[in-house]
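The lines below spell out each chain.
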Amino acid sequence: MNEHAAADAVHIVSLIVHVLPARVDAVVTHLAHEADAELVAQSGGKLVVLAETTHERDIVALTTRLADIRGVLGVNLVYHHVEPADSLGEEIAHAPAPA
């Protein structure tokens, strides 16, 4: 992929963040200040985070920032999808329901 194409891409990722139970609230508060990340699910010390970035290095930076928070035991990349930015506005055609 050339540099121009990379700049026109959107990286969509999901992360599982494992946190000490006593530190969950502090980590959730930190996540609220991450512009490209969103907490979408939580169960005990496991947080599911979705993020959209324009470059892979931003994913690495986010993962590092999260891993550096006191009480975070680990950050695991679960899913990574790259989509051309101009295709995100296109409607997806759905197949007709079987009769």
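To be clear, the structure that these remarks concern was listed above.
Residues numbered from 1 in each chain as written. Predicted model: local features only at pLDDT ≥ 70, side-chain atom pairs only at ≥ 80, totals over all residues. Heavy atoms only, no water.

Asks: Mind showing me how you'd approach the pattern of salt bridges here?
Replies: Two side chains bearing opposite charge may form a pair once their charged atoms approach each other closely. Under the definition given, this model contains one salt bridge. In this structure, R65 engages E34 in a salt bridge whose closest nitrogen and oxygen atoms are separated by 2.7 Å. With R65 in helix 3 (residues 56–67) and E34 in the loop between helix 2 (24–31) and strand 2 (37–43), this residue pair connects regions lying 31 residues apart in the sequence. (Salt bridge = Lys/Arg side-chain N within 4 Å of Asp/Glu carboxyl O. Helix = DSSP H or I, 4+ residues; strand = E, 2+ residues; numbered from the N terminus.)

Asks: Explain helix 2 here, please?
Replies: Every α-helix carries 3.6 residues per turn, so stepping three or four residues along brings you back to the same face. What helix 2 keeps buried is the set V24, V27 and L31. For helix 2, the angular spread of buried residues about the axis comes to 65 degrees, placing them on one side. Against the buried residues of helix 2 lie strand 1 (9–19), strand 2, strand 3 (46–53), helix 3 and strand 4 (72–84). (Buried < 20%, exposed > 50% of the residue type's maximum accessible area, 1.4 Å probe, protein only. Arc of directions from axis to C-beta. Contact = heavy atoms within 4.5 Å.)

Asks: Would you explain the pairing of strand 2 in this entry?
Replies: Successive residues of a regular strand alternate their side chains across the two faces of the sheet. With six bridges joining them, strand 2 and strand 3 adopt antiparallel strand pairing. In the sheet register, Q42 faces strand 3, and the bridge partner there is L47. Linkage of strand 2 to strand 3, two consecutive antiparallel strands, is achieved through a turn of two residues, within which G44 is found at a positive phi near 60 degrees. (Pairing = 2+ DSSP bridges.)

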